Amino acid sequence: SVIAERVALAGRAMDAIVAAGSGGSASGLKDHIGSALASLGDVDESLAGIRSYLRSAFRTPVGEALERAVARFRDEYGGKTISVVLPPEASVSEGVFISPVAFDKVFEALLCNAARATDGRAEAAVLIEMRSEGNYCSIDVRDTGCGIAREDWARIFERSYTTKAEGGFGLYYSRGELAKYNGKIYVVGSAPGEGTTIRVVLRKS
């Protein structure tokens, strides 16, 4: 491939620099360094093109995807209140770098957890809030449920941790799926009896 050829050119230039050592002429050494830098610059340019292509191939319109997730939530958990807050400047078609299927799985898991956490609680509510932060988009899922003890904030993302009688696409799998797209998920705040806020951070596409 083109990238392999450019990496090979940079490698040969680096070999020449090492071989020249301190005994080579200053002008010859500069030529080798210039060649290595030029080849590496070409590699960077090629990789930037690949990154751009992948981000366009794996693109999810975040506003539309959240609306789908909320519609499914309302169908399944009709007795619970859910609302979505989008920043005024955000377009519903603004994209994030993740496949639509992965996005749907992650947010289905988050909303399912929020629904279970609010079972039996008066005025149960779930809020989804999206914010645009430079090249990234953060999405908070906040519930008024039972909450999580501080010492369990990290444990809830472990494979062995579950509160379900049956398995599902839980937080462990959500974290792994997001990691494929350099996304992150973590607890922003929670306390027993006070509810939980979990944040997902994805790069804009």
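What counts, and at which threshold
Residues numbered from 1 in each chain as written. Predicted model: local features only at pLDDT ≥ 70, side-chain atom pairs only at ≥ 80, totals over all residues. Heavy atoms only, no water. Helix = DSSP H or I, 4+ residues; strand = E, 2+ residues; numbered from the N terminus. Buried < 20%, exposed > 50% of the residue type's maximum accessible area, 1.4 Å probe, protein only. Contact = heavy atoms within 4.5 Å. Areas by Shrake-Rupley, 256 points an atom, 1.4 Å probe, with all protein chains shown as cover. Arc of directions from axis to C-beta. Axes fitted to C-alpha atoms, helices over the stretch in contact; angles between N-to-C directions. Parallel < 35°, antiparallel > 145°, perpendicular 65-115°, else oblique. Left-handed = near helix turned anticlockwise from the far one by under 90°. Nonpolar A, V, L, I, M, F, W, Y, C, P; charged D, E, K, R; others polar. Pairing = 2+ DSSP bridges.

Visitor: Which residues make up the overall build of the chain, and what values go with them?
Guide: From N to C terminus, the chain includes five helices and seven strands. When each of the 205 residues of the chain is scored for burial, the buried share is 37%. Restricting to contacts in the chain with at least 6 residues of sequence separation, those with at least 24 account for 71%. Total accessible area on the chain is roughly 11500 Å²; 54% of this is exposed by carbon and sulfur atoms.

Visitor: Mind laying out helix α5 (residues 171–179), listing which residues take part and the relevant values?
Guide: The α-helix advances 3.6 residues per turn, and as a result positions three or four apart in sequence lie on the same side. Those residues of α5 not exposed but buried are L171, S174, E177 and L178. Down the axis of α5, the buried side of the element spans an arc of 120°, and every buried residue falls inside it. Elements in contact with the buried residues of α5: α4 (100–117), β6 (184–191) and β7 (195–203).

Visitor: How would you sum up the packing of helix α3 (residues 62–76) against α4? Please name residues and give values.
Guide: Contact geometry of α3 with α4 gives a least axis separation of 10 Å together with a crossing angle of 40°. Relative to α4, α3 is oriented oblique. Seen along the crossing, α3 lies across α4 with a hand that is right-handed. Contacts between α3 and α4 involve V62, A65, L66, R68, A69, R72 and F73 from the former and P100, F103, D104, F107, L111 and A115 from the latter. Across the contact of α3 with α4, the residue classes break down as ten nonpolar, no polar and three charged.

Visitor: Could you give an account of the pairing of β7, naming the residues involved and the relevant values?
Guide: Of all nine residues in β7, eight are buried; the element is thus mostly enclosed. Sheet topology places strand β5 (residues 136–143) next to β7; eight bridges connect them, and they run antiparallel. Bridged to C137 within β7 is L202. Relative to β7, β6 runs antiparallel, the two being bridged by seven bridges. Within β7, the position partnered with A191 by the bridge is G195. A loop of three residues connects β6 with β7, the two strands running antiparallel in sequence, and G193 in this loop sits at a positive phi of about 80°.

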